[in-house]
Amino acid sequence: MSWDADTRRGLLGVLLGLPLAAAGFGHALAGRGKVARRLSNDRLLCPENECGYIYDPAKGDPEAGITPGVRFEDLPEDWICPVCGRPHHRWL
Ligand SMILES: [Zn+2]
């Protein structure tokens with residue numbers, strides 16, 4: 001089987017286009033990177049759509065073993081939103 005020049009160019013375009021498409025996809029995901037809204041008293045509203053969870057440092061997150069008085073910035077790296085599971089590093 002032999003391909004003419006146009007077919008080969010087309011295939012090359014597809015091959016080269018894939019990483020670009022992947023990069024574009026990554027960019028689209030990055031564009032979704034909303035940040036938490038800071039409320040009064042240093043509370044933070046989860047940036048996930050319709051999650052609604054608010055981290056309140058005055059309460060902590062007892063179910064995750066977070067005692068009251070822990071600022072959001074001081075939560076452990078592996079803390080996730082107890083409602084939607086959004087990881088700590090994707091809040092701010
Ligand atoms: Zn959430």
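Shown above is the structure to which this text applies.
I will try to describe carefully the structure that is included in this document. All values reported here derive from a predicted model rather than from experimental measurement.

We now examine the overall build of the chain. Within the chain, the regular secondary structure consists of one helix and three strands. Expressed as a percentage of its 92 residues, the buried residues of the chain come to 23%. Partitioning the contacts of the chain with sequence separation of at least 6, the portion at a separation of at least 24 is 31%. Here the chain has roughly 6,700 Å² of accessible surface; of this, 59% comes from carbon and sulfur atoms.

Looking now at the coordination of the zinc ion. Ideal geometry at a metal centre: 109.5 degrees between donors when four sit tetrahedrally, and 90 or 180 degrees when six sit octahedrally. Distances from the zinc ion to its protein donors, Cys46 (SG), Cys51 (SG), Cys81 (SG) and Cys84 (SG), fall at 2.2 to 2.3 Å. Between the four donor atoms coordinating the zinc ion, the angles at the centre fall across 105 to 121 degrees, so the site counts as tetrahedral. Of note, the zinc ion draws all its donor residues from one chain, in the sequence arrangement C-x4-C-x29-C-x2-C. On the criterion of sequence distance, the pair formed by Cys46 in the loop between strand S2 (44-45) and strand S3 (54-55) and Cys84 in the segment after S3 is long-range, its members being 38 residues apart. Taking the relative accessible area as the measure of exposure, Cys84 reaches 34% and is therefore partly exposed.

Now for the packing of aromatic side chains. If you walk through the whole model with that rule in mind, you get seven aromatic pairs. Judged by centre distance (5.4 Å) and plane angle (70 degrees), the ring pair of Trp79 and Trp91 falls under edge-to-face. Placement of Trp79 in the segment after S3 and of Trp91 in the segment after S3 is noted, with a sequence separation of twelve residues between them. Each member of the pair, Trp79 together with Trp91, is buried. Among the aromatic residues, those joined into a ring-pair cluster are Tyr53, Tyr55, Phe72, Trp79 and Trp91.

Within the structure shown, the criterion is met by four salt bridges. In this structure, the salt-bridge partner of Arg38 is Asp42, at a minimum N-O distance of 3.2 Å. Using a relative accessible area of 42% as the deciding quantity, one classes Arg38 as partly exposed. Two residues, Arg86 and Glu48, come together in a salt bridge whose shortest N-O distance is 2.5 Å. Here Glu48 lies in the loop between S2 and S3 and Arg86 lies in the segment after S3, a separation of 38 residues in the sequence. Given a relative accessible area of 4%, Arg86 falls into the buried group. On the basis of relative accessibility, which here comes to 26%, the residue Glu48 falls in the partly exposed class. Connected through salt bridges with shared partners, the residues Arg38, Asp42 and Glu73 form a single ionic network.

Cut-offs and rules
Residues numbered from 1 in each chain as written. Predicted model: local features only at pLDDT ≥ 70, side-chain atom pairs only at ≥ 80, totals over all residues. Heavy atoms only, no water. Helix = DSSP H or I, 4+ residues; strand = E, 2+ residues; numbered from the N terminus. Buried < 20%, exposed > 50% of the residue type's maximum accessible area, 1.4 Å probe, protein only. Contact = heavy atoms within 4.5 Å. Areas by Shrake-Rupley, 256 points an atom, 1.4 Å probe, with all protein chains shown as cover. Donors = N, O, S within 2.8 Å, 3.2 Å for Na, K, Ca; no water. Tetrahedral: all angles 85-135°; square planar, octahedral: opposite > 155°, others 65-115°. Phe/Tyr/Trp six-rings, centres within 6.5 Å; stacked < 30°, edge-to-face > 60°. Salt bridge = Lys/Arg side-chain N within 4 Å of Asp/Glu carboxyl O.

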